[in-house]
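So you can see what is in the structure, the chains are spelled out below.
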Amino acid sequence: MPIYAQPPLLPMQWNSAYISYWSPMRDEDQLTSGYCWFDYARNICRIDGLFNPWPEKEKGHRLWMSEIGDVRREQSRKQKVAYATQESQLQATALADEVTPFHQLFLPQAILLDGGARHDGRHTVLGQPADAWVVAPPGKAASVFYLQAGSNRLLRMVTGNDPLHQSVRDFPNFATGAISDSVFMAAAAEAALA
């Protein structure tokens with residue numbers, strides 16, 4: 001096995017669809033999916049998808065959310081839609097937008113370096129060889145980031161405070177390269193109006 005001097009930075013700009021689920025899956029757990037964009041050069045990210053976890057039985061609907069987190073403006077803007085089944089029909093209701101303080105991207109570019117990640121061997125993830133990098137903050141459950149072998153391309157991350165019930169996100173079509181300004185345009189236009 002090769003010796004790894006240090007874990008890599010995530011790519012400067014990347015995007016991917018994601019599948020979000022739990023390990024193990026419990027009866028109340030849901031499988032959800034969406035799409036995300038991370039641009040570390042501009043310090044901005046966007047995540048669109050069904051919110052997981054979300055207590056559908058308690059709330060009476062599933063929640064779709066588009067969130068643009070802009071560190072430069074120190075704010076996150078969430079657009080939300082509630083989806084509920086009523087009399088065999090799917091009803092979509094737009095909910096009020098929400099603006100909250102935002103000081104750090106959900107997934108920092110240097111999360112492995114800053115977290116003192118240690119290499120934990122080669123695994124197969126989504127049919128590909130992957131390097132496992134473990135981040136173990138003091139007093140918290142460890143997180144594992146699986147990167148395509150020998151690269152900085154994220155395939156899966158396993159996180160959560162409960163080591164017996166962890167959140168898993170797979171990134172099946174991870175892509176790097178420039179992200180169009182239009183992906184984050186809604187945040188800039190709405191912030192200008194605020």
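These numbers come from a predicted model, not from an experiment.

Draft legend 1. Expanded view of the environment of serine 16. Following the sequence through the fold, serine 16 ends up in strand β1 (residues 13-23). Along the sequence, serine 16 and leucine 154 sit 138 residues apart, while their C-alpha atoms lie 9.4 Å from each other. When near neighbours in sequence (up to four residues on either side) are disregarded, serine 16 contacts Gly34, Tyr35, Cys36, Phe171, Pro172, Asn173 and Phe174. There is a polar contact of 3.4 Å between the side chain of serine 16 and the backbone nitrogen of phenylalanine 174.

Draft legend 2. Geometry of the pattern of salt bridges. If you walk through the whole model with that rule in mind, you get 12 salt bridges. Arginine 62 is the salt-bridge partner of glutamate 56, the closest N and O atoms lying 3.7 Å from each other. Judged by its relative accessible area of 32%, glutamate 56 is partly exposed. Residue arginine 62 is classed as partly exposed on the basis of its relative accessible area, which comes to 23%. Through salt bridges that share partners, Glu67, Lys78, Lys80 and Glu98 make up one connected network.

Draft legend 3. View of the environment of lysine 59. Mapped onto the elements, lysine 59 comes out in helix α1 (residues 56-59). Spatially, the C-alpha atoms of lysine 59 and alanine 84 are 9.7 Å apart, while their sequence positions differ by 25 residues.

Draft legend 4. Spotlight on the nonpolar core. Ranked by size, the top nonpolar core spans 21 residues in total, and within it Trp14, Leu107, Leu154 and Phe171 carry the most contacts. For this core, the secondary structure elements donating two or more residues are β1, β2 (32-39), β8 (128-135), β9 (143-148) and β10 (154-159). The contacts of phenylalanine 171, once residues within four sequence positions are left out, are Trp14, Ser16, Ala17, Tyr18, Cys36, Leu126, Leu154, Leu155, Arg156 and Met157. Formed by 10 residues, the second largest nonpolar core is a distinct cluster that contains Val125, Ala130, Ala132 and Val144.

Draft legend 5. Quick look at the pairing of β1. A large share of β1 lies buried, amounting to 8 of its 11 residues. Here β1 runs beside β2; their pairing, made up of 8 bridges, is antiparallel. Pairing of alanine 17 across the sheet is with tyrosine 35, part of β2. Note that β1 and strand β12 (residues 175-176) share 2 bridges and pair antiparallel. Bridging across to β12, tryptophan 14 finds its partner in threonine 176. Judged from the 5 bridges that link them, β1 and strand β11 (residues 166-170) form a sheet pairing that is antiparallel. Its bridge partner being in β11, tyrosine 21 is matched across the sheet by valine 168.

Calculation notes
- Residues numbered from 1 in each chain as written.
- Predicted model: local features only at pLDDT ≥ 70, side-chain atom pairs only at ≥ 80, totals over all residues.
- Heavy atoms only, no water.
- Helix = DSSP H or I, 4+ residues; strand = E, 2+ residues; numbered from the N terminus.
- Contact = heavy atoms within 4.5 Å.
- Polar contact = N/O pair within 3.5 Å; in protein donor to acceptor, adjacent residues only side chain to side chain.
- Salt bridge = Lys/Arg side-chain N within 4 Å of Asp/Glu carboxyl O.
- Buried < 20%, exposed > 50% of the residue type's maximum accessible area, 1.4 Å probe, protein only.
- Core = buried A, V, L, I, M, F, W, Y, C linked by side-chain atoms within 4.5 Å.
- Pairing = 2+ DSSP bridges.

Treat this as a map of the structure, not an account of what it does.
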